[in-house]
Amino acid sequence: MTGTAGDGVIGAAELFHETAAALGIHTSLYKSIPSSIRSGITTATISLWNNTISSPVGNAHCMALFTHSDSALSDFASQQVYVNSYVFDLSGSSTKLPSSFARQITTVPVATLKPDSSPLFFIGILANLTDIAPEQFNEILHCKHASRKQRLQSALADIANGYSWAKSVPTTVPVPSFLRSDKILTTINGNDALSSGAIDAGCRFFASYPISPATTIGDSLSVNLPEIQGVAYQAEDEIAAIGAVTGASFSGVKAMTATSGPGFSLMHEFISYLSAVELPAVIVDVQRAGPSTGIPTHHAQEDLLSAVFGGHGECSRIVLAPSSIENCYHTTIDAFNCAEQYATPVIILSSCAFASASVTLQQGTQLHPQVPILQRKSVPDTNMDESFQRYTNENSTSPVLPSPGDLHPYRVTGLEHDHAADPSESSAMHQYQTLRRELKLQTIEHDYAHLIEWDLEKASSYNADFSIVAWGADVPAVKTAVRILRKKGYSIAAVFPQILFPVCHNMFEKLLDYSYLLIIPESNSSGQFSKLVRMHSGFSPVSLPFSNGEPINPDILETEIASLVLKRHKND
Amino acid sequence: MIDPQDYLNKSSPTWCKGCTFHSVLDSLTQALSNCTIDIPSVNIISGIGCSSRLPLFMNTFGMHTLHGRAIPVACGARLARPDIPVIVATGDGDLFSIGMGHFVHAAQKNFNITVLCMDNRMFAMTKNQSSSTSECGHIGTLTPAGKTESALNVTDFAIASGATFVARSIAEDTAFTTRILTKALQHTGFSFVHLLTPCNTFDKSSFTAELQSRAVNINTLEDHNPEDRNSATRYASVPVNNEHKHIYTGIFWKCLKPVFETSRNTD
């Protein structure tokens, strides 16, 4: 559904998504919104699923257009359609769409409707196509418009009218089959999943500065944390936010901040500091299209190298990236566990594609931790005259971390320091501490093996046509493309690591057993993960960059991979 | 009663011989003792600079953080552990150049922290550059032709920013400084203490040798009421420089307002 921001496209799409979920239909909703409040083009993509939800975008079976503005037509035309795709033109424009748009176009008579009625009229059409009765939208509409009776009546009428119109007009929309169970399904978006994961991981301090598309993480934590005696703090800028996280962590509390690319850049100095003083902290970067202000509400995964290398000095850190909306919850719990276990900053790379997309939970009505929650070690009650040795090999992982009020006060400093945390300018001590800080992270691939998802074929070993790696919000599209290509007869070894740094060397060594051709599709133009892999493994991956501000379309990806593999095999 | 010396660790302060920061350390440890604050139950947070080395000489919990960023770290510490008093010990460059934005916000929110500004009117650690409190004409290595703008009046600025306790002392008057620091620690709210700490190494002429002889304790003046904003501003706005006869010390401003840690609207 494509229309002008402010005309109700997103609201209508959300209504359909939530109603479908309430009827037991597995569904996803992806929203592409402009960065201003009332201008620009909005697109909502609704998917109904037969089985496991995967990519939230792809070639559409059915499309609705609510405006003929140049930018809308340009966006619309760039979207791929299936051969028999059906376009409903609800713009009310007197200009007909060119036949090159799609084979089947129906102009819907909406001239008499108010501008914000057209999206709900289309929901009525969609309801007819998917066999959902108009009255099944009542409950959610009543909740949305509880205090606005007129608005409620008007919305109900728009849907009913759309439904009736669709009933009276024969169409050949290619609606594929989807599953409808008898259970009410819960929907969740990536940012809310991440916030829930933080709370269930034991986070009790959150500080942030508003920035699209991360702000809603703070919105939900600002309501939920105080209810459990936690703190959510709006800082004056991103540096203050991560500074406050640092102070809270030293004070013994699990702490997190969330930002996007520009704010993340501001945090680099503190990331170096946290790495140097070895304090746990979780920093979320909900990536967006950059550089600089970029497109604040559009998807990209362009901050990987910033996450891995941002900061000065040899400042080790861990970088994780959830591979699905549900994993935004689980990976956040792992992030807090990693932060406590390795006493280091952990960066979570989410993205706009997860932040603003919503899916139904695969199972159950609530997400629950699947791993134990690690707690910080308190100081043993010993004689205070003994000097506390904070920075030793023995106290590197799952360390004893005194906090104010405990015995064994110590001082953290960004200056290089000795075992007892006192400043030291000794060359030998600097070498010892630098290596110790780096080496303590090297067990992560083993300790968190569950964060590496393999997708191999049944044979224990085989020669694959190619291997493929994807991370973060690119994973759903790549999983879908792999499924399509396997059906077409390709043999593929796929792996989806949620640990991006330290690089999983063993994983890449294992991939070499299947194929020397490693393809890495990414939502950035410079192939950032490909570069990282090239630095750390025996592979020279082939990078497939996508940088159009939208999640990768798996149908386009599948075609590009097939073409690349064909070319490679011809050259061999 | 805790012996003030017990607040210090075994390391010797690395400040220059004759540095006035030694006096601040003496006064601070005495003030902590006066307030019977347990050694493990206080967190002293600093930024970067000569003055910011202070936590490293203490036996308490402490954080030597980043340039200009002591205050946001302190705010996080206070929100996470409102039971632990926090002292920010840092300098004029840290607080009023790079850190100025954080100062205003924390003062506005009335965070319950005690902020010590050890003002030597320059960036001393990097060998003398102009700071916000350097006088107009100050010759620094990056301003060899002399600083063009006048000095920021930090006590006036602190009152305008919303601090609820604002005072000044000359560090070498350790008895007076101890009394001021004790009151600052006892105050509930954002306490700001402006400590005049001339740099013995790089700018001896920053203040005149007769510093203490020019000091006037405004709390002995009949026409000053520290709970009267006009009175506070009248005295706080008088610059500290060699052009003025008097250097006003004591408590300029004191009031009680809800502190951010316990009064945030979370409903």
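The structure this text deals with has already been given above.
Starting afresh in each chain, residues are numbered from 1 along the sequence in its written order. As they are written, the chains are lettered A onward and the ligands numbered 1 onward, keeping that order. Note on the predicted model: pLDDT of at least 70 is required for a residue's local features to be given, and 80 or more for side-chain atom pairs to be given and counted; whole-chain, interface and lining totals, by contrast, use all residues. Only hydrogens and water are set aside when side-chain values are computed; all heavy atoms of the structure are taken into account.

Looking at this model, I keep getting lost on the interface of chain A and chain B. Mind explaining?
Bring the parts together and some accessible area is lost; that lost area is often taken as the interface size. Listed per partner, the contact involves 38 residues of chain A and 35 residues of chain B. Across the chain A to chain B interface the summed buried area is about 2900 Å²; carbon plus sulfur atoms make up 66%. Basic side-chain nitrogens of Lys or Arg form a salt bridge, by our definition, when they fall within 4 Å of a carboxyl oxygen of Asp or Glu. Linking chain A with chain B are zero salt bridges, by the criterion used here. Helix and strand definitions here come from DSSP, where helices need a minimum of 4 consecutive H or I residues and strands a minimum of 2 consecutive E residues; each element is numbered from the N-terminal end. Of all the secondary structure elements, the ones that give two or more residues to the side of chain A that touches chain B are strand S9 (231–234), helix H8 (238–250), helix H10 (268–277) and strand S15 (411–413) of chain A. Residues are treated as being in contact if the distance between any of their heavy atoms lies within 4.5 Å. By buried area we mean the combined loss of accessible area, with a 1.4 Å probe, across both parts when two parts are placed together.

What is the right way to look at the packing of aromatic side chains in this model?
Each pair of aromatic rings is reported with the distance of its centres and the angle of its planes. Paired rings are identified among Phe, Tyr and Trp, the last through its six-membered ring, by centres lying within 6.5 Å, and are further divided according to the angle between planes into stacked (under 30 degrees), edge-to-face (over 60) and tilted (the rest). By the definition in use, this model includes 29 aromatic pairs over all chains. Centroid distance Trp15(B) to Phe21(B): 5.4 Å. Interplanar angle 70 degrees. Geometry classified as edge-to-face. In this structure, Trp15(B) and Phe21(B) share a single accessibility class: buried. Among the aromatic residues, those joined into a ring-pair cluster are Phe66(A), Tyr86(A), Phe88(A), Phe121(A), Phe122(A) and Trp165(A). Over the ring of Phe260(B) we find Lys109(B), and its NZ or CZ is 5.7 Å from the ring centre. Type-normalised accessible area, obtained with a 1.4 Å probe on protein chains alone, sets the label of each residue: buried when under 20%, exposed when over 50%, and partly exposed for intermediate values. Any Lys NZ or Arg CZ found within 6 Å of a ring centre and within 35 degrees of that ring's normal is scored as a charge over the ring.

Looking at this structure, how should I read the sheet that holds strand S4 (residues 114–119) of chain B?
Strand pairing is defined by DSSP finding a minimum of two bridges between the two strands. Within the open sheet, the nine strands sit side by side as S15(A)-S2(B)-S1(B)-S3(B)-S4(B)-S6(B)-S5(B)-S8(B)-S7(B). Their pairing is mixed. Edge positions in the sheet fall to S15 of chain A together with strand S7 (215–217) of chain B, since each of these pairs with one other strand and no more. Pairwise comparison of adjacent strand axes, ignoring direction, gives a mean angle of 20 degrees for this sheet. Relative to strand S3 (residues 86–91) of chain B, strand S1 (residues 43–46) of chain B is paired through three bridges, and the arrangement is parallel. Each bridged residue has a counterpart across the sheet, and for Ile44(B) the counterpart in S3(B) is Ile87(B). Here, axes are lines fitted to C-alpha atoms. For helices the fit covers the stretch in contact, and angles between N-to-C directions go from 0 to 180 degrees.

Got a minute to help me understand the packing of helix H1 (residues 21–34) of chain B against helix H6 (residues 174–186) of chain B in this structure?
Pairs of packed helices are described in terms of their axes, by the angle between the two and the distance that separates them. Residue and element names in this part refer to chain B. Across the interface, H1 lies against H6 with an axial gap of 8 Å and an inter-helix angle of 45 degrees. Compared by their axis directions, H1 and H6 come out oblique. The hand of the H1/H6 crossing is right-handed. On the side of H1, the interface is formed by Ser 23, Ser 27, Leu 28, Gln 30, Ala 31, Leu 32 and Asn 34, while H6 contributes Thr 174, Thr 177, Thr 178, Leu 181, Thr 182 and Leu 185. Of the residues assigned to the contact of H1 with H6, the class counts are five nonpolar, eight polar and no charged. Here is the rule for angles: anything less than 35 degrees is roughly parallel, anything more than 145 is roughly antiparallel, 65 through 115 is roughly perpendicular, and the remaining ranges are oblique. Take the far helix as the reference: if the near one is turned anticlockwise from it by less than a right angle, the crossing is left-handed, and if turned clockwise, right-handed. Three categories are distinguished: nonpolar for Ala, Val, Leu, Ile, Met, Phe, Trp, Tyr, Cys and Pro, charged for Asp, Glu, Lys and Arg, and polar for the others, with Gly belonging to the last.

Sorry, what's going on with the packing of H8(A) against helix H2 (residues 70–80) of chain B here?
One way to put it is that H8(A) packs onto H2(B) with a least axis distance of 6 Å and a crossing angle of 50 degrees. On the basis of the axis angle, H8(A) is oblique to H2(B). Crossing handedness for the pair H8(A) and H2(B): right-handed. In contact with Ala240(A), Gly243(A), Ala244(A), Gly247(A) and Ala248(A) of H8(A), H2(B) contributes Pro72(B), Val73(B), Gly76(B), Ala77(B) and Ala80(B). Tallied by class, the residues present in the contact of H8(A) with H2(B) amount to seven nonpolar, three polar and no charged.

Help me out: how do you make sense of the sheet that holds strand S13 (residues 345–351) of chain A in this one?
The pairing of strands in a sheet comes from backbone hydrogen bonds and takes either a parallel or an antiparallel form. All names here are of chain A. The strand order S9-S8-S10-S11-S13-S12-S19 describes an open sheet built from seven strands, whose pairing is mixed. Each edge of the open sheet carries a strand with a single partner, namely S9 and strand S19 (499–501). Mean inter-strand twist for the sheet, computed between neighbouring axes without regard to direction, equals 25 degrees. Taken together, the four bridges between strand S10 (residues 255–259) and strand S11 (residues 281–287) define a ladder with parallel strand orientation.

Sorry, what's going on with the side chain of Ser169(B) here?
All names here are of chain B. By the secondary structure assignment, Ser 169 is in strand S5 (residues 165–170). Since its relative accessible area comes to 0%, Ser 169 is described here as buried. Setting aside its immediate chain neighbours within four residues, Ser 169 contacts Phe 176, Thr 177, Ile 180, His 194, Leu 195, Leu 196 and Thr 249.

Is there a simple way to explain the pattern of salt bridges in this structure?
All names here are of chain A. Considering all chains together, one arrives at 13 salt bridges over all chains under this definition. When the shortest N-O distance is used, the salt bridge between Glu 416 and Arg 437 registers 2.8 Å. Remark: Arg 437 occurs in helix H14 (residues 427–439) and Glu 416 occurs in the loop between S15 and H14; sequence separation between them is 21 residues. An identical accessibility class is assigned to Glu 416 and Arg 437; each is buried. Taking the shortest distance from any N to any O, the salt bridge between Glu 457 and Arg 486 comes out at 2.7 Å. Pair noted here: Glu 457 is in the loop between strand S16 (452–455) and strand S17 (466–469) and Arg 486 is in helix H16 (residues 475–487), with a separation of 29 residues, a long-range link. Overall, the relative accessible area of 24% leaves Glu 457 in the partly exposed class. Members of the salt-bridge network, linked through shared partners, are Glu 278, Arg 436 and Lys 440.

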